[in-house]
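This is what each chain is made of:
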Amino acid sequence: MTETRPQIEAAPLTGDDPAPVGVEPEALPHFVDGARWAGTGTETHPVVNPATGRPIARVMCGTAADVDQAVAAARRAFAGWRQKTPKDRADVLLEAAAVVETHAEELARLESANAGKPMPLAREDVAGTIDTLRFMAGAVRAQQSASAGEYVAGHTSMIVREPVGVVAAITPWNYPLLTTAWKIGPILAAGNACVLKPSEQTPLTALRLAELLADVLPAGVLNVVTGDGPVVGEALATHPDVALVSVTGSVRSGQAVARAAAESLKRVHLELGGKAPVLVFADADLDAVADGVAFAGFGNSGQDCGAACRVLVEESVYDDLVARLVFRAEALAVGDPAEGDHIEMGPLVTQAHRDRVVGFLDRAYAEGVRAATGGKAPDGDGFFIPPTVLVNIPDGAECTREEIFGPVVTVETFTREDAAVTAANGTRYGLSASVWTENARRAADLPGRLDFGTVWVNDHLAFATEMPWGGFKSSGYGRDLSAYALDDYSRTKHVMVNRTR
């Protein structure tokens, strides 16, 4: 980025109250080459608090020219960053984790206001961000590879693992800060430079994180360009100097990026949608199931690709489980997260997304489905839908096949184990699933029969930074978290030395 590019100043991003009604919030700039940058465009995008429907900020709508500038800055930074030892990069990531920890409450408040997250969940996301950065700092110093050896007479072969170059990271609106960490942690640890495009709905914590790390990371190693997917995302996916594009988002978003990246044959890392089945057998602890589904189905307002959204329960305990699910759903404290830490579920992210979820519910009712509780958007401010449990579901109903991405849990029955497995696997998604049973042999056997990247037993939506997260089929390919993510953001090179004399 040249010195003649315009710089603008704006107040630090915080989770404070929005501007007074009638006062236009100042547009927040991109973050490129270690500093705020206004970019080349003039259009802006509002950022709204989904609990109130009121704007809390505006961000710049990036252009293809802005992407060019960010990629150029990342390329310059990559030349030096890749030369640093794993220890050097680890030290920087540990310092970055310490900075996040220092500003943890600020980031949690900002995440809550922008994404509508209850504060306890927002704090968990910040804690996960810190843990991810710390884990990647350690993992990059302990990577394993095949031993050097003589595989051709008189020649010594070794495997060298290298960074790929400039990586474009495109993150979703449901976990803005946490998915940013899941991207930049392994990307930077492996020695790459990054251009990040956060969701236009929830960009605030990514921008604030880049600001906070400006004194930690070399300029240009992490750049943030805000804007719409068809403009900024497309420019990143087609850019000749971007070596890999990593996307967390919908199947449609992943398909669009993969198509755009195909022309230059750049690598693509995709973590996409899900429709997680929850297989509940008659011997399961039904109270634990109800608690687990309440957390994993309604937490984050159901806006989670691994949400426990499709319950398949053995017919003999169907009525009992439905009653427990309804009780848990109706007991949840739903409201504006700003009301206090007692709020357990907030709003959906935008009016448009709430309308989409309502459309799913209306079509389900037209198919004969019934809401045992919830199921209707309330009047008033904010983009709320109450926790909803759907029953009386016909075979093949849309609500059991497609990702609703809201606080909606469907409940179906089965009488035979094989039928439950067939129903669970009968989806285009393959991200996650869970099995609930006290039968040890069943618990050991069923995960191998389920076509999903993660299968929990007697739990759902539990994560360990040491373990990979990613799916099969339409849920994408590539792995977040764990040392496998470092493999995804690097490349192997064979070096052979002829030592004959």
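As the structure is a prediction and not an experimental result, all values here were calculated from the model.

Looking at the domain arrangement of the protein chain
Annotation of the protein chain at the domain level lists domain 1 (30-273 + 477-493) and domain 2 (276-464). Centre-to-centre, using C-alpha coordinates, domain 1 lies 30 Å away from domain 2. Facing the 24 residues of domain 1 at the interface are 27 residues of domain 2. When domain 1 packs against domain 2, the two sides together hide about 2,000 Å² of surface, and 63% of this comes from carbon and sulfur. Where domain 1 meets domain 2, there are 1 salt bridge. For Arg123, the salt bridge identified is with Asp341, shortest N-O distance 3.0 Å. If you look at where domain 1 meets domain 2, you find 6 residue pairs in polar contact (both at pLDDT 80 or more). When residues in the side of domain 1 that touches domain 2 are grouped by element, the largest group, 4 residues, is from helix α4 (residues 119-139).

Topic: the sheet that holds strand β5 (residues 54-60)
Pairing in this open sheet of 3 strands is mixed, and the strands run β1-β5-β4 from one edge to the other. Each having just a single partner strand, β1 (27-28) and β4 (44-49) make up the two edges of the open sheet. Direction of pairing for β1 relative to β5: parallel, over a ladder of 2 bridges. Residue pairing for β5: Ala27 is matched across the bridge by Arg58. Its contacts with the sheet put helix α3 (residues 104-115) on β4 and β5, and the angle it makes with β4 is roughly 100 degrees.

Remarks on the packing of aromatic side chains
Applying the stated rule across the entire model yields 6 aromatic pairs. Centroid distance Trp182 to Phe463: 5.7 Å. Interplanar angle 55 degrees. Geometry classified as tilted. With a gap of 281 residues between them, Trp182 in helix α5 (residues 176-189) and Phe463 in the loop between β20 (454-457) and β21 (472-473) connect regions that are remote in the sequence. Members of the aromatic cluster, joined through ring pairs, are Trp182, Trp456, Phe463 and Trp469. Of note, Arg363 hangs over the ring of Phe360, and the distance from its end group to the ring centre comes to 4.8 Å. Here the guanidinium or amino end of Lys473 rests over the ring plane of Phe452, the centre of that ring lying 5.9 Å away.

Overview of the nonpolar core
For soluble globular proteins, the rule of thumb is that nonpolar side chains tend to be buried together. In terms of nonpolar packing, the biggest core is built from 56 residues, with Leu188, Cys194 and Leu204 touching the most fellow members. For this core, the leading source of residues is α4, giving 9 residues. When near neighbours in sequence (up to four residues on either side) are disregarded, Leu188 contacts Trp81, Arg89, Leu93, Ala193, Cys194, Leu217 and Val221. Val311, Val313, Val391 and Trp436 belong to the second largest nonpolar core, which has 39 residues in total.

Quick word on α5
Counted at 1.5 Å a residue, the expected span for α5 with its 14 residues is 20 Å, and the 20 Å between its end C-alpha atoms agrees. With 14 of its 14 residues buried, α5 lies for the most part within the structure. Where α5 ends, the next residue or the one after it, Gly191, has phi of about 100 degrees, a positive value.

With respect to the sheet that holds strand β13 (residues 276-280)
Taken together, 7 strands build an open sheet; the order of strands is β15-β16-β17-β14-β13-β19-β20 and the sheet is mixed. Single-partner strands in this sheet number two, and they are β15 (370-373) and β20. Going from strand to strand, the sheet's axes swing by 25 degrees on average, the running direction of each strand aside. Both strand β16 (residues 388-391) and strand β17 (residues 408-414) contribute to a ladder of 3 bridges, which runs parallel. Bridged to Val389 within β17 is Val409. Against the sheet, helix α11 (residues 351-366) engages β15, β16 and β17, with an angle of about 25 degrees to β16. Strands in contact with helix α13 (residues 417-425) are β13, β14 (308-314) and β17; relative to β14, the strand with the most contacts, it is inclined by about 165 degrees.

Conventions adopted
- Residues numbered from 1 in each chain as written.
- Predicted model: local features only at pLDDT ≥ 70, side-chain atom pairs only at ≥ 80, totals over all residues.
- Heavy atoms only, no water.
- Domains from an automatic or database assignment.
- Contact = heavy atoms within 4.5 Å.
- Buried area = accessible area lost by both parts, 1.4 Å probe.
- Salt bridge = Lys/Arg side-chain N within 4 Å of Asp/Glu carboxyl O.
- Polar contact = N/O pair within 3.5 Å; in protein donor to acceptor, adjacent residues only side chain to side chain.
- Helix = DSSP H or I, 4+ residues; strand = E, 2+ residues; numbered from the N terminus.
- Pairing = 2+ DSSP bridges.
- Axes fitted to C-alpha atoms, helices over the stretch in contact; angles between N-to-C directions.
- Phe/Tyr/Trp six-rings, centres within 6.5 Å; stacked < 30°, edge-to-face > 60°.
- Lys NZ or Arg CZ within 6 Å of the ring centre and 35° of its normal.
- Core = buried A, V, L, I, M, F, W, Y, C linked by side-chain atoms within 4.5 Å.
- Buried < 20%, exposed > 50% of the residue type's maximum accessible area, 1.4 Å probe, protein only.
- Expected span 1.5 Å × (residues − 1).

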